[in-house]
Amino acid sequence: MEGPDRLHRWAVLDMLAHLAGAAECAVRPVAMARHWGYAGWRAARRPVEFVDHMCASQIRSRKDLSTAELEVDLRRWASQAPEKGAGRPRLVRGIPVPAVAGLPRGARVSNFVDVISIRDVWMHRIDIARAIGRPRRPITVAEPEAVRQVVRDLDIEWTSPAIDLVLTGPGGGAWRVGDGEPIAEITEDAGALMRLLSGRSDECELRFEGSATGSQLLRAARVLF
């Protein structure tokens, strides 16, 4: 994650500014074009991931807002984002995402809006709750959907022996990752595993029955957030 002028050092207000900016992008294609254009231009000149530059642009555009103004801005765009994102014209949703964005080959705007944005906002709820020392509330239907998407992408890229995942807590469930007979059943908190797969932190115990190799492979896995 990137703050306005630094990498991996966001404050909570930076996070809120990013979320407001992301919601605005879902509502206003011109805002998406502006931030994506800046990110592409910067990524070609500085070896930092496209998404870091995009987030920095969203944050920088709100640097002069007070806390109260930022709250109003976030509520304004977030209230419109789900409907506007889902109703975006098919032509816009089908636009290929530039390779510099780091999404899988062939990804379209719809992949970014329907998948990455959902899991990004969901994960940032966890980030903010951890930063301020409070449980995230309320638990919503986004929990199982975000976890399901991530496990699906993990399964798509998984080339190792199969494992069974039993995830507990909000968004939990049971899945088989990989093909064939599983070498282990691994139990973990859903939120903790998502943080591991995103590369944020490793707080996982990855309790397992069967081969320890399954846990080792899972601990090394990463999914795009």
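No experiment lies behind these values; they were computed from the predicted model shown.

Conventions used here
Residues numbered from 1 in each chain as written. Predicted model: local features only at pLDDT ≥ 70, side-chain atom pairs only at ≥ 80, totals over all residues. Heavy atoms only, no water. Helix = DSSP H or I, 4+ residues; strand = E, 2+ residues; numbered from the N terminus. Buried < 20%, exposed > 50% of the residue type's maximum accessible area, 1.4 Å probe, protein only. Contact = heavy atoms within 4.5 Å. Areas by Shrake-Rupley, 256 points an atom, 1.4 Å probe, with all protein chains shown as cover. Lys, Arg positive; Asp, Glu negative; His and termini not counted. Charge placed at Lys NZ, Arg CZ, Asp CG, Glu CD. Core = buried A, V, L, I, M, F, W, Y, C linked by side-chain atoms within 4.5 Å. Phe/Tyr/Trp six-rings, centres within 6.5 Å; stacked < 30°, edge-to-face > 60°. Lys NZ or Arg CZ within 6 Å of the ring centre and 35° of its normal. Salt bridge = Lys/Arg side-chain N within 4 Å of Asp/Glu carboxyl O. Disulfide = S-S within 2.5 Å.

Draft legend 1. View of the overall build of the protein. Across its full length, the protein carries 9 helices and 4 strands. With respect to the three principal axes, the spread of C-alpha positions in the protein is 55 × 40 × 35 Å. A burial count over the protein gives 44% of its 225 residues as buried. Taking as baseline every contact in the protein between residues at least 6 positions apart, the subset at least 24 positions apart corresponds to 53%. As displayed, the protein has an accessible area near 12,000 Å², and 55% of this comes from carbon and sulfur atoms. Across the protein, the centroid of the 32 positively charged side chains sits 7 Å from that of the 29 negatively charged ones.

Draft legend 2. Just the side chain of R62, in detail. Within the element layout of this structure, R62 appears in the loop between α3 (50–60) and α4 (67–86). If we ignore the near neighbours within four places in the chain, the residues touching R62 are A17, A20, G21, E24, L70, D73 and W77.

Draft legend 3. How the structure looks around the nonpolar core. Ranked by size, the top nonpolar core spans 27 residues in total, and within it L154, L165, L167, L193, M194, L197 and L218 carry the most contacts. For this core, the secondary-structure elements that each account for two or more residues are α6 (109–132), α7 (142–157), β1 (163–168), β3 (184–189) and α8 (190–198). Here this core takes 6 residues from α8, the largest share from any one element. Counting 15 residues, the second-largest nonpolar core is a separate cluster that includes A39, F50, M54 and I116.

Draft legend 4. Inspection of the packing of aromatic side chains at higher detail. Following the criterion strictly, the structure yields 1 aromatic pair and no others. Geometrically, the ring pair formed by Y38 and W41 is tilted, given 6.2 Å between the ring centres and 50 degrees between the ring planes. In this pair, Y38 and W41 both sit in helix α2 (residues 29–43), 3 residues apart, roughly one turn of the helix. Classification of W41 as partly exposed rests on a relative accessible area of 43%. Here the guanidinium or amino end of R119 rests over the ring plane of F225, the centre of that ring lying 5.7 Å away.

Draft legend 5. Geometry of the environment of C204. Residue placement: C204 occurs in the loop between α8 and β4 (207–210). Using a relative accessible area of 8% as the deciding quantity, one classes C204 as buried. Considering only alpha carbons, one finds C204 and G191, 13 residues apart in sequence, at a separation of 9.6 Å. If near-sequence neighbours (up to four positions away) are discounted, C204 is found in contact with E188, A192, L193, L196 and R219.

Draft legend 6. Representation of the pattern of salt bridges. In total, this model carries 16 salt bridges according to the counting rule given. When the shortest N-O distance is used, the salt bridge between R62 and D73 registers 2.5 Å. Here the residue R62 occupies a position in the loop between α3 and α4, and D73 occupies one in helix α4, the gap between them amounting to 11 residues. Two residues, R125 and E143, come together in a salt bridge whose shortest N-O distance is 2.7 Å. A residue pair is termed long-range when its members are at least 10 positions apart, and R125 in helix α6 and E143 in helix α7 qualify at 18 residues. Its relative accessible area of 22% is what places R125 among the partly exposed residues. Classification of E143 by relative accessible area gives buried; the value is 0%. One connected set of salt bridges, linked through shared partners, spans D127, R130, R195, R200 and E203.

Draft legend 7. Seen up close, the environment of V141. With respect to the secondary-structure elements, V141 resides in the loop between α6 and α7. For the pair V141 and P170, spaced 29 residues apart in sequence, the C-alpha to C-alpha distance is 9.6 Å.

Draft legend 8. Region of the structure containing the state of the cysteines. The final tally for this structure, using the stated rule, is 0 disulfides. Among the cysteines around C25, which has no disulfide bond, C55 carries the closest sulfur, lying 9.5 Å off.

That's the geometry; what it means functionally is another story.
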